[in-house]
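# Examination of the molecular architecture
Spelled out from the first residue to the last, the chains are:
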There are 2 protein chains.
Amino acid sequence: MGDSGKKLRVGILGCANIAKKNCRAIQASALCGVTVVASRSDQKARDFISEIFEDQNQSSPSALGGEGAYDELLTGTVCDATYIPLPTKLHEEYVAKALSSGKHVLLEKPVAQSALSYREMLSTASQHGKFLMDGTMFVHHSRTEEFIKSIRNPNRVRFSFTFNGCNNFFKNNVRVKKDADFMGCIGDLGWYCVRMGLLVFSQMDSAELRKGLIQEVQVVKYQLNEEGVPLDADCLVYFSGNRVLTFHCSFIHPFTQTCSIYGTGSEYTATLSDAILPYKGDYLSISLTKNELIQYDEICVSESKVIEVDNTDVQEVCMWKNFSKMVAKVDEESKSQESDIENEVWWGGSSDEVKKANAIASYSLHTQIVLDALMESIRLGGAKVKV
Amino acid sequence: MGDSGKKLRVGILGCANIAKKNCRAIQASALCGVTVVASRSDQKARDFISEIFEDQNQSSPSALGGEGAYDELLTGTVCDATYIPLPTKLHEEYVAKALSSGKHVLLEKPVAQSALSYREMLSTASQHGKFLMDGTMFVHHSRTEEFIKSIRNPNRVRFSFTFNGCNNFFKNNVRVKKDADFMGCIGDLGWYCVRMGLLVFSQMDSAELRKGLIQEVQVVKYQLNEEGVPLDADCLVYFSGNRVLTFHCSFIHPFTQTCSIYGTGSEYTATLSDAILPYKGDYLSISLTKNELIQYDEICVSESKVIEVDNTDVQEVCMWKNFSKMVAKVDEESKSQESDIENEVWWGGSSDEVKKANAIASYSLHTQIVLDALMESIRLGGAKVKV
């Protein structure tokens, strides 16, 4: 199971659109491969497999269909890990089943209906010595670290992650259904904005998350659908030291995915204009802009430069490679080394991979904590909520 | 006085830095010229004149210095109009003196300590048939209209106008002194953001300002100095139809002057990265960016184009040309045609220039109304305030 030299065998739970992208990434990752796809519809599972594997010289995964397909996959022995892109409401049930059946889990975001629920999932993962990771791709690409480290003493992150849903989206998509993903745009898009904010203000040191880094949140403007699910929200997250993340997430706005970092220690502003779904290409870019006021009220100049970061492995491939490596080390080390859930060490181990595994889980948990607080702010009509 | 064919004679009241820029613009505007400069310090007035006029083949203006210099300029007959860049606290007194002495006034922003005070100034101007205009430059450049009209059905304007003040700025600048410009960054920088928001959401039709366009404001995050003057503020202005202006204005942040318009009627986002102090050059730019999500969670592409707008006359020259033209028409028409202050017609007249004069005054007044509400929001600890 995930031993070095052996590919991690991944089972796909449900044929969501996002699963296709991940399925391709798994196949491209060298360290893992899809061995089984389950759907409640037998036809859907087979269509999914034939679509993804048509052009590949690989053995196709097996298809599981019907009412019991998910359980069959989870309790079976044809995979070591499972990818769960189900609606958030179903996460608790299937993550528990997967973990207790000895499967590692890569879970789509938003990970849970509440941080409490996610803490329980992580505890279960810890008990079983199985890794539970969220499916946020951008954190796995090296551009993210370069971006974050490019501005010293960051004090403001501004994020806009928005798109214009079509009629069908508002009618049928799980993201706007109270009974599926009740956090709407906060859960679907705000997730990334918050995650980036946490990474920036902690300077990628997850220990900072447990030192009062996050203070308050406020949703200052929002629009809900008739089910009470947020479709549009302007949010602030206050960090210690008077630092702030401001973001706009929306299903009813032109498509944007722009993130900027400002800092007192830098004359430059760093910006990603493709922060979440990067443009295709051999390199990903970071824009650094310096605006200078030569004389107040008079002359200003602007200087820009671009940092290019290798994109040989696109972010979803990076994610699956990292996941596979971490799974291998969690399997290897967490059996013999103590966990310390109180201090967010769900998997004991001294390797970099296991440390990274715990750090990712911490970021994921604290992202969920912030989302909970944002939803609470909406419930309170836009009030400030302490975290 | 401002008749066609004759240059408008402008007197400068005080030798603020911003006065130099305006002085040069007046000289470059062909329709007007500086005839007198007054300062409480005789030396300062003479230094100012020798600095600005050293390289020009023009007759230098006369210098007035000493305690009574301002009054001497205002009651004298060597100018038809006066430019007042004094601290906001002094506006009421000197604007009244100027107008009652028969001078047209171009007044630096923020125009007044309150909208009430500004209404009184405008009434006085109306009574005397003299034009009172604020010194906001960007509204006079044709790029602004092109920018605003480039996005159909705008529903969001985002503005960031910030700079990093130096130690001396925080110690001595009027912008951070309660007794001079108590609105701090809200008055100094927010002024422009609000003005732009009003122009965008009214689609440059000032009549919209009197139809419930502006609804509420909220300062969601702010930092005050020890005198209670805002140094940094995140503000929202809510417009009818669920439209919003969000802006960040700050004296303690890297220099930015970026404004974007988003709309439901356009796939493009329009952005000015030099919205307030344009870069030098033959053309000013408007960036239009279209981000497209080809397949959700999958492929996105970005397309950009740039609109170039002629910059033969820089914005401050445009402003003084416009001011001179409007003054001429106000002089000509407002004597015989009725004002209607209730409906924000301070100067009667049927020419485009007089209509434009009234429209500019309306935008200026409603900008001040919004600033008042923002200051009230701060006084209430960041509460929403109805406008």
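Residues numbered from 1 in each chain as written. Chains lettered and ligands numbered in written order. Predicted model: local features only at pLDDT ≥ 70, side-chain atom pairs only at ≥ 80, totals over all residues. Heavy atoms only, no water.

## Some words on the overall build of chain A
Broken down by element type, chain A carries 10 helices and 15 strands. Relative to the globule expectation of 21 Å for 387 residues, the C-alpha radius of gyration of chain A, 21 Å, shows essentially globular dimensions. Judged by the C-alpha coordinates and their principal axes, chain A covers about 70 × 45 × 45 Å. The buried share of chain A, reckoned over its 387 residues, is 60%. A sequence separation of at least 24 residues applies to 69% of the contacts in chain A between residues at least 6 apart. Accessible area of chain A: about 14,700 Å², with a carbon and sulfur share of 46%. Distance between charge centres in chain A, computed from 41 positive and 49 negative side chains, equals 1 Å. (Helix = DSSP H or I, 4+ residues; strand = E, 2+ residues; numbered from the N terminus. Rg over C-alpha atoms; globule rule 2.2 N^0.38 Å. Buried < 20%, exposed > 50% of the residue type's maximum accessible area, 1.4 Å probe, protein only. Contact = heavy atoms within 4.5 Å. Areas by Shrake-Rupley, 256 points an atom, 1.4 Å probe, with all protein chains shown as cover. Lys, Arg positive; Asp, Glu negative; His and termini not counted. Charge placed at Lys NZ, Arg CZ, Asp CG, Glu CD.)

## Regarding the domain arrangement of chain A
Residue and element names in this part refer to chain A. Here the domain parsing of chain A yields domain 1 (8–137 + 315–351) and domain 2 (140–313 + 372–386). The C-alpha centroid of domain 2 is placed 27 Å from the C-alpha centroid of domain 1. If you look at the interface, domain 1 gives 23 residues, while domain 2 gives 19 residues. Contact with domain 2 buries area across many residues of domain 1, yet Lys109, Thr136 and Gln315 alone supply 28% of it, more than any other trio. (Domains from an automatic or database assignment. Buried area = accessible area lost by both parts, 1.4 Å probe.)

## A look at the interface of chain A and chain B
Between chain A and chain B, the contact holds 46 residues from the first and 46 residues from the second. Carbon and sulfur atoms make up 53% of the surface buried where chain A meets chain B, a total of about 4,100 Å² over both sides. Taken together, the connections running from chain A to chain B amount to 4 salt bridges. Among the ionic pairs, Arg156(A) bridges to Asp234(B), the shortest N-O distance being 2.7 Å. In terms of residues, the side of chain A that touches chain B owes the most to one element, strand S11 (residues 252–263) of chain A, which gives 8 residues. The residue inventory of the side of chain A that touches chain B, partitioned by class, reads 18 nonpolar, 14 polar and 14 charged. (Salt bridge = Lys/Arg side-chain N within 4 Å of Asp/Glu carboxyl O. Nonpolar A, V, L, I, M, F, W, Y, C, P; charged D, E, K, R; others polar.)

## Here's the deal with the relation of the copies chain A and chain B
Mapping chain A onto chain B calls for a screw motion: a turn of 180° about the axis and a shift of 0.0 Å along it, with 0.0 Å RMSD after fitting. What we have between these two chains is a two-fold relation. When each C-alpha of chain A is compared by its distance to the rotation axis, Val220(A) comes out closest, at 3.6 Å. (Least-squares fit on C-alpha atoms with pLDDT ≥ 70 in both.)

## Remarks on the pairing of strand S11 (residues 252–263) of chain B
Residue and element names in this part refer to chain B. Most of S11 is tucked away, with 10 of its 12 residues classed as buried. Here strand S7 (residues 154–164) runs beside S11; their pairing, made up of 9 bridges, is antiparallel. Among the inter-strand pairings, proline 154 is bridged to a residue of S11, identified as glycine 263. For S11 and strand S12 (residues 268–272), the ladder comprises 3 bridges, and the chain directions are antiparallel. What sits directly across from cysteine 259, in S12, is leucine 272. (Pairing = 2+ DSSP bridges.)

## Some thoughts on the sheet that holds S11(B)
Residues and elements named next belong to chain B. With mixed pairing, 9 strands are arranged side by side in an open sheet as S14-S13-S12-S11-S7-S10-S9-S8-S15. Every other strand in the sheet has two partners, leaving strand S14 (300–310) and strand S15 (385–386) as the edge strands with one partner each. In the packing of helix H10 (residues 352–379) onto the sheet, contacts are made with strand S8 (214–224), strand S9 (230–239), strand S10 (243–250) and S15, and the angle to S8 comes to roughly 50°. (Axes fitted to C-alpha atoms, helices over the stretch in contact; angles between N-to-C directions.)

## Regarding the nonpolar core
When a protein is soluble and globular, its nonpolar side chains tend to lie buried together. Core analysis: the biggest nonpolar cluster contains 122 residues, and Leu132(B), Ile186(B), Phe247(B), Trp320(B), Trp347(B) and Leu374(B) have the highest contact counts within it. Here this core takes 13 residues from H10(B), the largest share from any one element. Taken together, domain 1 (8–137 + 324–349) and domain 2 (140–314 + 372–386) of chain B each give at least three residues to this core, which thus spans both. Residues in contact with Leu132(B), not counting those within four places in the same chain, are Val95(B), Val105(B), Leu107(B), Tyr118(B), Met121(B), Leu122(B), Ala125(B) and Trp347(B). Judged by nonpolar contacts, the second largest core, of 121 residues, contains Ala115(A), Ile151(A), Val176(A) and Leu371(A). (Core = buried A, V, L, I, M, F, W, Y, C linked by side-chain atoms within 4.5 Å.)

## Considerations on the pattern of salt bridges
Residue and element names in this part refer to chain A. Applying the stated criterion to the full structure yields 46 salt bridges over all chains. Note that glutamate 267 is salt-bridged to lysine 290, the shortest N-O span being 3.8 Å. In this pair, glutamate 267 is assigned in the loop between S11 and strand S12 (268–272) and lysine 290 in strand S13 (residues 283–293), connecting sequence segments 23 residues apart. Take lysine 290: its relative accessible area is 12%, and that puts it in the buried class. One connected set of salt bridges, linked through shared partners, spans Lys20, Arg24 and Glu51.

## Considering unusual backbone geometry
For the bond running from Lys109(A) to Pro110(A), omega is -10°, close enough to zero to count as cis. Among the structural elements, Pro110(A) can be located in the loop between strand S5 (104–107) and helix H5 (115–128). Located in the positive-phi region is Asn153(A), a residue other than glycine, with phi close to 45°. Within the fold, Asn153(A) resides in the loop between helix H6 (142–149) and strand S7 (154–164). Positive phi values are uncommon outside glycine, yet Glu344(B) reaches one of about 60°. Among the structural elements, Glu344(B) can be located in the loop between helix H9 (315–333) and H10.

## Quick look at the packing of helix H9 (residues 315–333) of chain A against helix H10 (residues 352–379) of chain A
Residue and element names in this part refer to chain A. The N-to-C vectors of H9 and H10 enclose an angle of 110°; their axes lie 8 Å apart at closest approach. Between H9 and H10, the angle falls in the class roughly perpendicular. With respect to the hand of their crossing, H9 and H10 are arranged in left-handed fashion. Of the residues in H10, those touching H9 at Asn322, Lys325, Met326, Lys329, Val330 and Glu333 are Glu353, Val354, Lys356, Ala357 and Ile360. In the contact of H9 with H10, the residues fall into 5 nonpolar, 1 polar and 5 charged. (Parallel < 35°, antiparallel > 145°, perpendicular 65-115°, else oblique. Left-handed = near helix turned anticlockwise from the far one by under 90°.)

## Examining the packing of aromatic side chains
Residues and elements named next belong to chain B. In total, this model carries 26 aromatic pairs over all chains according to the counting rule given. Between phenylalanine 163 and phenylalanine 251, the ring centres sit 5.3 Å apart and the planes meet at 50°, which makes this aromatic pair tilted. One end of the pair, phenylalanine 163, is in strand S7; the other, phenylalanine 251, is in the loop between S10 and S11, and 88 residues separate them in sequence. By the burial criterion, phenylalanine 163 is buried, and phenylalanine 251 matches it. On the basis of an interplanar angle of 70° and a centroid distance of 5.0 Å, the ring pair of phenylalanine 169 and phenylalanine 251 is categorised as edge-to-face. (Phe/Tyr/Trp six-rings, centres within 6.5 Å; stacked < 30°, edge-to-face > 60°.)

## Considerations on the pairing of strand S1 (residues 8–13) of chain A
Residue and element names in this part refer to chain A. Most of S1 sits inside the fold, with 5 of its 6 residues counted as buried. Two elements, S1 and strand S2 (residues 32–39), share 6 bridges in a ladder whose sense is parallel. Pairing of arginine 9 across the sheet is with glycine 33, part of S2. Each parallel crossover has a hand, and for S1 linked through helix H1 (residues 17–28) to S2 it is right-handed. By the bridge criterion, 3 bridges tie S1 to strand S4 (residues 81–84) in an arrangement that is parallel. (Right-handed = clockwise from strand over helix to strand, strands pointing away.)

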